[in-house]
Amino acid sequence: MTQDELKKAVGEAALAYVPEGEIIGVGTGSTANYFIDGLGAMRDRIKGAVASSEASAKRLAALGIRLYDLNEIEEMPVYVDGADEIDAAFCMIKGGGAALTREKIVSSVARRFVCIADASKKVDVLGRFPLPVEVIPLARAQAARALAALGGRPVWREGVVTDNGNIILDVHGLHITDPVKMESDINQIVGVVCNGLFARRSAEVLLLGTPDGVRTFNR
């Protein structure tokens, strides 16, 4: 199976976790897009969705799925999204699509986070994929110095502006053995809005696309 076929398989498998008559949290990215497309086929069986990015919102709306503002929602049963890396404890690196802050906000009100990923995203230690950090533009250089002091090599993702109007620093060369501490340490840097470590709120379910089919793991 190709990587796209694996992504499609896990996106469709995640539909089994969507309860009828509810509002669903929806992630961002190529794998999440397959879930969104599948969700379109059952749009009459759900109340609607909260999107974690403008791109996902447009895709959902085009399929006739009603969109809700997160400020209208106290709790959702499930949030479905992909990951750039995920470890054995279901801690993740996310943000390759620059939507990490909204993804973290939307997932925080879901009772269950279902991560959908192909097998290449499963790692023993996080950090091979550069860690995205959303930063207020004024703080770009100062935040980069602070991230370098933590042992990483921050690179400005030039030409990319987040849905929140900020920039992304991708931190290369990290070997993240304590994701919870690293997530907290980076968030304490002045000017950092959010970072792509999802460790304090990790996934509960991992649907992993493999050549032998979709494997399900529960935390």
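Let us look at the structure shown here. Source: prediction; values computed, not measured.

Right, let's get into the sheet that holds strand 7 (residues 131–135). Taken in spatial order, the four strands of this open sheet run 8-9-7-10, and their pairing is antiparallel. Strands at the two margins of the open sheet, each flanked by one partner only, are strand 8 (153–156) and strand 10 (192–195). Along the sheet, successive strands turn relative to each other by an average axial angle of 30 degrees, direction set aside. In this structure, strand 8 lies alongside strand 9 (residues 167–172), joined through four bridges in antiparallel fashion. Looking across to strand 9, one finds that P154 is bridged to V171. Strands in contact with helix 5 (residues 140–149) are strand 7, strand 8, strand 9 and strand 10; relative to strand 9, the strand with the most contacts, it is inclined by about 20 degrees.

Here we come to the side chain of D84. Inspection of the secondary structure assignment puts D84 in the loop between strand 3 (79–81) and strand 4 (85–86). Buried charge without a salt bridge: D84, with K121 as the nearest opposite-charge side chain at an N-O distance of 5.2 Å.

The next subject is the nonpolar core. One finds L131, V133 and V135 to be the most contacted residues of the largest nonpolar core, which totals 22 residues. For this core, the secondary structure elements donating two or more residues are strand 7, helix 5, strand 9 and helix 6 (179–187). Apart from the residues within four sequence positions on either side, V135 is in contact with R140, A143, N166, I167, L169, G191, V192 and V193.

We now examine the packing of aromatic side chains. For the structure on display, the rule yields two aromatic pairs. Between Y79 and F113 the ring centres are 5.1 Å apart and the planes differ by 75 degrees, which places this aromatic pair in the edge-to-face class. Here the residue Y79 occupies a position in strand 3, and F113 occupies one in strand 6 (residues 113–118), the gap between them amounting to 34 residues. Classification of Y79 by relative accessible area gives buried; the value is 0%. Measuring from ring centre to ring centre gives 6.4 Å for F113 and F198, while their planes differ by 80 degrees; the resulting arrangement is edge-to-face. Here F113, found in strand 6, pairs with F198, found in strand 11 (residues 197–198); they are 85 residues apart in sequence, far enough to count as distant. Judged by relative accessible area, which is 0%, F113 ranks as buried.

As a further point, take the pattern of salt bridges. Applying the stated criterion across every chain, the model contains 14 salt bridges. For the salt bridge of E54 with R102, the shortest nitrogen-to-oxygen distance reads 3.1 Å. On the criterion of sequence distance, the pair formed by E54 in helix 3 (residues 54–62) and R102 in helix 4 (residues 100–107) is long-range, its members being 48 residues apart. Looking at E54, the relative accessible area reads 40%, which means it is partly exposed.

Let's shift gears to the packing of helix 2 (residues 30–40) against helix 3. Where helix 2 meets helix 3, the axes come as close as 9 Å, and the angle between the chain directions of the two elements is 25 degrees. When the axis of helix 2 is compared with that of helix 3, the two are roughly parallel. Relative to helix 3, helix 2 is oriented so that their crossing is right-handed. Contact residues: N33, I36, D37 and L39 in helix 2; S56, R59 and L60 in helix 3.

With that settled, consider the pairing of strand 6. Among the six residues that make up strand 6, six are buried, leaving the element largely enclosed by the rest of the structure. Residues of strand 6 alternate between two faces, with F113, C115 and A117 on one and V114, I116 and D118 on the opposite face, all of them buried. Inspection of the sheet shows strand 3 paired to strand 6 by three bridges, in the parallel sense. Bridging across to strand 6, Y79 finds its partner in F113. Note that strand 6 and strand 12 (residues 205–210) share five bridges and pair parallel. Looking at the pairing, V114 lines up with V205 of strand 12.

The next thing to look at is unusual backbone geometry. One non-glycine residue, F90, lies in the positive phi region at around 70 degrees. Residue position: F90 is located in the loop between strand 4 and strand 5 (92–93). Phi angles above zero are rare outside glycine, and A98 is one such case at about 70 degrees. What makes A98 buried here is its relative accessible area of 11%.

Calculation notes
Residues numbered from 1 in each chain as written. Predicted model: local features only at pLDDT ≥ 70, side-chain atom pairs only at ≥ 80, totals over all residues. Heavy atoms only, no water. Pairing = 2+ DSSP bridges. Helix = DSSP H or I, 4+ residues; strand = E, 2+ residues; numbered from the N terminus. Axes fitted to C-alpha atoms, helices over the stretch in contact; angles between N-to-C directions. Contact = heavy atoms within 4.5 Å. Buried < 20%, exposed > 50% of the residue type's maximum accessible area, 1.4 Å probe, protein only. Lys, Arg positive; Asp, Glu negative; His and termini not counted. Salt bridge = Lys/Arg side-chain N within 4 Å of Asp/Glu carboxyl O. Core = buried A, V, L, I, M, F, W, Y, C linked by side-chain atoms within 4.5 Å. Phe/Tyr/Trp six-rings, centres within 6.5 Å; stacked < 30°, edge-to-face > 60°. Parallel < 35°, antiparallel > 145°, perpendicular 65-115°, else oblique. Left-handed = near helix turned anticlockwise from the far one by under 90°.

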